[in-house]
Amino acid sequence: MSLSKGHRDELYGSGLTDETIERAGFFTESDAIRVARILNWNRGKPARRLLPALVFPYPDARGQQNGFYRLKFRANRPRKGKYESPAGKGNRLYLTPPAIEFAAEPSQPLFIVEGEKKALAVGQLGIPAISIAGSYGWQIGRTDKEKAEGAPRRLLECWSHLALRNRIVVICFDSDPILKQGIEHGCAELIRVLTADCGADCRRMYLPLGDRSQGEYGKLAVDDWLVREGSEPFLELWRRTIAEDGGQQSIDEYRAAMVHNRSEAVGKPGVFIDESETGAGKSYADCVACSKATDSLIVTDTHKNCDQVVDDLAAHGVDAVKYPKLDSETCLKHPEAKRVLKLGLSIVGSLCLTCPFRDDCEYHRQSDEAKESSHRVATHKRATMQMLTIS
């Protein structure tokens, strides 16, 4: 098995040395039948435009190849990305040589990233680094029924090779000026499970944003940063992250700090990320922050929760208005409105303009009231469909 010049150059582009590449055993696969066999595809094979593929063999806890592979195709598959794991085999952790060497030593902080190349780039610095296959790729897959029933998330079996209790665990995803809810939620859940189930001391490490001269504005991966800036800026950030006080706080201290941080963020540019768990006091902190802001927009998942937010804000002296729910009480042509929405059309453009009840429409009255309010509350669905902003 050999590695093509194109794939070797790609690995060089991530800062990997020949020694790292050879030890990892990466190889190029151009045969569609062999690729299908590696991916455990019982039917079909990859299209010619996807090949050749770069193959990442996975090591076991002793550093020997365990028969599990991930592939990177030359192009994206329809409705999927370039990376692919074997069908029906679940996910695995990718362990770099330092992670294997220090697997049983919790005194050595552990670095977690998405992507084998990134993990190896960090591992070359002697840091125990592992890779997960996506922001949720650290867990055993759950069925739709299990998700609906609220079944707990469980770590992959291969986590058992790592001593995690009282170990500093640093999670570092690509920097991105656009906050992606799924990625942030997957990371927050990983932190919650590692902390609650394994007793790990988890930290987030945020990379600086990239710049326009380097391609897509703002996005930056750790291997790209290491190649561009050298190891010292990364190591400085690494040392600073693991030196942070990860000690226990009382819930009152934690909530007081949350309120302070929320209040300090009011009026400042940027994205404020809160990874605290349910029940930590985020809603209370939001109310305090809104009482100091001239205008605000809070989004939550359901209309019931919108009502609760409005009540909570009122208790803090903030007069907020929620956007209305579209139902038979607010819209006299509700059945027609539901059909219009199902077709993906605008209710206002398709139905409201000719509606005989427009002048006395309760839905429009409540919507206008919300639009004119300085403090508004909306569901996630409305906010994403109408791109609501603070105005």
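Report on the accompanying structure. Source: prediction; values computed, not measured.

**What to know about helix H13 (residues 334-342)**
Item 1. Every buried residue of H13 is accounted for by His-334, Ala-337 and Val-340. The buried residues of H13 occupy an angular sector of 115 degrees when the element is viewed end-on, so they sit on one face. For H13, the exposed residues set more than 90 degrees away from the buried face come down to Lys-338, Arg-339 and Lys-342.
Item 2. Tucked into the core, H13 has its buried residues touching helix H14 (347-350).
Item 3. Where H13 ends, the next residue or the one after it, Gly-344, has phi of about 80 degrees, a positive value.

**Topic: unusual backbone geometry**
Item 1. Following Leu-51, the chain continues into Pro-52 via a peptide bond in cis, with omega recorded as 5 degrees.
Item 2. Relative to the helices and strands, Pro-52 resides in the loop between helix H3 (32-38) and strand S2 (53-59).
Item 3. The backbone of Asn-40 shows a phi angle near 60 degrees, a positive value even though the residue is not glycine.
Item 4. When you line up the elements, Asn-40 lands in the loop between H3 and S2.
Item 5. A positive phi is found at Asn-166, a non-glycine position, where the angle reads about 65 degrees.
Item 6. Within the secondary structure, Asn-166 is located in the loop between helix H6 (144-148) and strand S8 (168-171).
Item 7. Exposure remark for Asn-166: the relative accessible area of 63% places this residue in the exposed category.

**With respect to the pairing of strand S12 (residues 375-379)**
Item 1. Burial within S12 is extensive, with 5 of its 5 residues counted as buried.
Item 2. Residues His-375, Val-377 and Thr-379 line one face of S12 and the alternating positions Arg-376 and Ala-378 line the opposite face, and both faces are buried.
Item 3. With 5 bridges connecting them, strand S10 (residues 296-300) and S12 associate as parallel partners. Its bridge partner being in S12, Val-299 is matched across the sheet by Ala-378.

**Structural notes on the sheet that holds S12**
Item 1. Here we have 3 strands laid out as an open sheet, ordered S10-S12-S11, and parallel in their pairing. Since the sheet does not close on itself, it has two edges, and those belong to S10 and strand S11 (321-322), each with one partner.
Item 2. The pairing of S11 with S12 spans 2 bridges and is classified as parallel. Bridge pairing links Lys-322 to Val-377 in S12.
Item 3. This element, helix H12 (residues 303-315), spans S10, S11 and S12 of the sheet and lies at about 160 degrees to S12.

**Looking at the pattern of salt bridges**
Should the charged atoms of two oppositely charged side chains come close, the side chains can pair.
Item 1. The full count for this structure, using the stated rule, is 19 salt bridges.
Item 2. Asp-9 serves as the salt-bridge partner of Lys-5, at 2.8 Å between the closest nitrogen and oxygen. With Lys-5 and Asp-9 both in helix H1 (residues 5-13) and 4 residues apart, the pair spans about one turn of that helix.
Item 3. You can call Lys-5 exposed: its relative accessible area is 65%.

**Brief notes about the sheet that holds strand S6 (residues 110-114)**
Item 1. Judged by pairing direction, the sheet is mixed, and its 5 strands sit side by side in the order S5-S7-S6-S8-S9 without closing on themselves. The two strands at the open ends of the sheet, each matched to only one other strand, are strand S5 (94-95) and strand S9 (201-204).
Item 2. Taken strand by strand, helix H5 (residues 116-123) contacts S5, S6 and strand S7 (129-132), and its axis lies near 175 degrees from that of S7.

**Quick word on the nonpolar core**
Within soluble globular proteins, side chains that are nonpolar tend to cluster in buried spots.
Item 1. Phe-26, Phe-111, Val-122, Met-205, Val-222 and Phe-234 are the most contacted members of the largest nonpolar core, which totals 32 residues.
Item 2. The set of elements that each furnish at least two residues to this core consists of helix H2 (18-24), S2, S6, H5, S8, helix H8 (222-229) and helix H9 (231-243).
Item 3. Discounting residues that sit within four places of it in the chain, Phe-26 has contacts with Leu-3, Leu-11, Leu-16, Ile-21, Leu-54, Val-55, Phe-56, Pro-57, Tyr-94 and Leu-120.

**Observations regarding the packing of aromatic side chains**
Item 1. Taken as a whole and assessed by the stated rule, the structure comprises 9 aromatic pairs.
Item 2. Ring geometry for Phe-56 against Tyr-83: centres 6.2 Å apart, planes inclined by 20 degrees, an arrangement best described as stacked. A residue pair is termed long-range when its members are at least 10 positions apart, and Phe-56 in strand S2 and Tyr-83 in strand S4 (residues 83-84) qualify at 27 residues.
Item 3. Judged by its relative accessible area of 0%, Phe-56 falls in the buried class.
Item 4. Classification of Tyr-83 by relative accessible area gives partly exposed; the value is 32%.
Item 5. Pairing Phe-111 with Phe-234 gives two aromatic rings, centres 5.7 Å apart and planes at 75 degrees, and the pair type is edge-to-face. Residue Phe-111 is located in strand S6, and its partner Phe-234 is located in helix H9; the two are separated by 123 residues in the primary sequence.
Item 6. For Phe-111, a relative accessible area of 0% corresponds to the buried category.
Item 7. Judged by relative accessible area, Phe-234 falls into the buried class, the value being 0%.
Item 8. Aromatic ring contacts, followed pair by pair, group Phe-111, Trp-225, Phe-234 and Trp-238 into a single cluster.

Analysis parameters
Residues numbered from 1 in each chain as written. Predicted model: local features only at pLDDT ≥ 70, side-chain atom pairs only at ≥ 80, totals over all residues. Heavy atoms only, no water. Buried < 20%, exposed > 50% of the residue type's maximum accessible area, 1.4 Å probe, protein only. Helix = DSSP H or I, 4+ residues; strand = E, 2+ residues; numbered from the N terminus. Arc of directions from axis to C-beta. Contact = heavy atoms within 4.5 Å. Pairing = 2+ DSSP bridges. Axes fitted to C-alpha atoms, helices over the stretch in contact; angles between N-to-C directions. Salt bridge = Lys/Arg side-chain N within 4 Å of Asp/Glu carboxyl O. Core = buried A, V, L, I, M, F, W, Y, C linked by side-chain atoms within 4.5 Å. Phe/Tyr/Trp six-rings, centres within 6.5 Å; stacked < 30°, edge-to-face > 60°.

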